[in-house]
Amino acid sequence: MDWLERMNVALDYIEDHLADTIDYDRLSVLTLCPGNLFQRMFAVMTQMPLSEYVRRRRLSSAGMDLASGTEKVIDVALRYGYDSADAFAAAFKRLHGVSPSQAKRPGVTLTHCPRLSFTLKLKGEKDMKYKIVERQAFKVVGKNLRTTQEQNMKEGSIPKFWGRCNTDGTVAGLCRLEPDKPLLGVCHGDAPDGSFSYLVGLETARPADGYDTLAIPAATWAVFPSVGPMPDAIQKVWHEIFTAFLPASKYDHAPIPDFELYPEGDPAGPDYYCEVWIPIVAKR
């Protein structure tokens, strides 16, 4: 089963469990993706957190159930994971623009959120540059943020965290520790519920009191350059990695942290250079 097939099998599983409990550990098994990597990939590829997609699909199905006119609102609410009719009504109205009871009336307009599927498009308008690098284990120190894909996409939790680190002395302290080392943004600690940790730090072998420490094991890495103003340039690189490189390559994302590498320079400049480092293993 190839990469795209695994992603679509995961979507099939979600579709089969809209009126049931979705086991996110099961999604990891189906996609062969460690932790919440599937959720990260989904968010990058669709520009929508997986949690939002599931919520919209459930409310879309709930609208169809209520439009039949034969079911009680509370029964439909419980079926799709809402503990109270009030919470269901509020979510339902945000999507459909009408209340659940109004949805039971003939002729009411509802919103349909279609099931997604992943496909590989032949674009070819832009080549992807990359290199394969072997690295021994190394240590990163810095400060951690615990967040989710939904929080980052809706609230910009990671850019805000970078802002805090730049103003509260975190980045300055790291640069004093290793003046010649580039800053890193490391994604790690993926959990099935969609949460993960993001560490602003740098590589060092020195003791670093007051900072969090993360060990990165030896691995093979695919390294992708990003040139252009942040964050748009690097977001486009991530999108190409998940939609073009990984589906068509002989590699999978290895089950260890990945990171962004930020050399000195003006992040807002048109020529700013940085890199995305993805740990890779041969596809199974």
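Residues numbered from 1 in each chain as written. Predicted model: local features only at pLDDT ≥ 70, side-chain atom pairs only at ≥ 80, totals over all residues. Heavy atoms only, no water.

Caption draft 1: Region of interest: the overall build of the protein chain. A tally of helices and strands in the protein chain yields eleven helices and nine strands. Referenced to the eigenvectors of the C-alpha coordinate spread, the extents of the protein chain come out at roughly 70 × 40 × 35 Å. Here the protein chain holds 284 residues, and the buried ones make up 47% of them. When contacts within the protein chain are restricted to residue pairs at least 6 apart in sequence, those whose partners lie at least 24 apart make up 73%. For the protein chain, the accessible area works out to roughly 14,400 Å², and carbon and sulfur atoms hold 53% of it. Seen as two clouds, the 33 positive and the 36 negative side-chain charges of the protein chain have centres 3 Å apart. (Helix = DSSP H or I, 4+ residues; strand = E, 2+ residues; numbered from the N terminus. Buried < 20%, exposed > 50% of the residue type's maximum accessible area, 1.4 Å probe, protein only. Contact = heavy atoms within 4.5 Å. Areas by Shrake-Rupley, 256 points an atom, 1.4 Å probe, with all protein chains shown as cover. Lys, Arg positive; Asp, Glu negative; His and termini not counted. Charge placed at Lys NZ, Arg CZ, Asp CG, Glu CD.)

Caption draft 2: Molecular detail of the nonpolar core. Within the largest apolar cluster, 68 residues are counted, with the highest numbers of intra-cluster contacts made by Ile14, Phe38, Phe88, Tyr198 and Phe242. Leaving out residues up to four positions away in the same chain, Ile14 has contacts with Ile22, Leu27, Phe38, Leu50, Tyr53 and Val54. Residues Phe138, Leu199, Val223 and Phe259 belong to the second largest nonpolar core, which totals 14 residues. (Core = buried A, V, L, I, M, F, W, Y, C linked by side-chain atoms within 4.5 Å.)

Caption draft 3: Fine view of the packing of aromatic side chains. Inspection of the entire model under this criterion finds 16 aromatic pairs. Residues Phe38 and Phe42 carry aromatic rings whose centres are separated by 6.2 Å and whose planes lie at 50° to one another, so their mutual orientation is tilted. Of this pair, Phe38 and Phe42 both sit in helix 3 (residues 37–46), four residues apart, which is roughly one turn of that helix. Accessibility assignment for this pair places Phe38 and Phe42 in one class, buried. Site record: aromatic cluster; members linked through ring pairs are Phe38, Phe42, Tyr53 and Phe118. Positioned over the ring face of Phe138 is Arg135, at 4.0 Å from the centre of the ring. (Phe/Tyr/Trp six-rings, centres within 6.5 Å; stacked < 30°, edge-to-face > 60°. Lys NZ or Arg CZ within 6 Å of the ring centre and 35° of its normal.)

Caption draft 4: Seen up close, the environment of Phe92. Relative to the helices and strands, Phe92 resides in helix 6 (residues 85–96). With a relative accessible area of 0%, Phe92 lands in the buried category. For Phe92, the residues in contact, after removing those within four places along its chain, are Leu59, Ala62, Gly63, Leu66, Gly97, Val98, Ser99, Pro100, Ala103 and Leu110.

Caption draft 5: Representation of empty space enclosed by the protein within the structure. What the rule picks out here adds up to two cavities of 30 Å³ or more. Empty space within the largest cavity amounts to approximately 40 Å³. The wall of the largest cavity is formed by Trp3, Arg6, Thr31, Leu32, Cys33, Leu37, Met41, Asp252 and His253. (1 Å grid on protein atoms, 1.4 Å probe; cavity = no way out; pocket = protein on both sides within 12 Å on 5 of 7 lines; lining within 4 Å. Points joined across faces, edges and corners; volume = space filled by probe spheres on them.)

Caption draft 6: Fine view of helix 2 (residues 24–31). Of all the positions in helix 2, only Leu27, Ser28, Leu30 and Thr31 are classed as buried. All buried residues of helix 2 fall inside an arc of 165° around its axis, so they share one side. At its buried positions, helix 2 is contacted by helix 1 (3–16), helix 3 and helix 4 (50–67). With a side-chain oxygen lying 3.0 Å from the backbone nitrogen of Asp25, the N-terminal cap of helix 2 falls on Asp23. After helix 2 finishes, the residue Leu32 shows a positive phi value of roughly 60°. (Arc of directions from axis to C-beta. Polar contact = N/O pair within 3.5 Å; in protein donor to acceptor, adjacent residues only side chain to side chain.)

Caption draft 7: Summary view of the environment of Leu214. As for its placement among the helices and strands, Leu214 is situated in strand 5 (residues 212–216). Taking the C-alpha atoms as reference points, Leu214 and Val186, separated by 28 residues in sequence, lie 9.3 Å from one another. The residues contacting Leu214, other than those within four sequence positions of it, are Phe138, Lys139, Val140, Val186, His188, Leu199 and Pro257.

Honestly, it's all geometry; don't read function into it.
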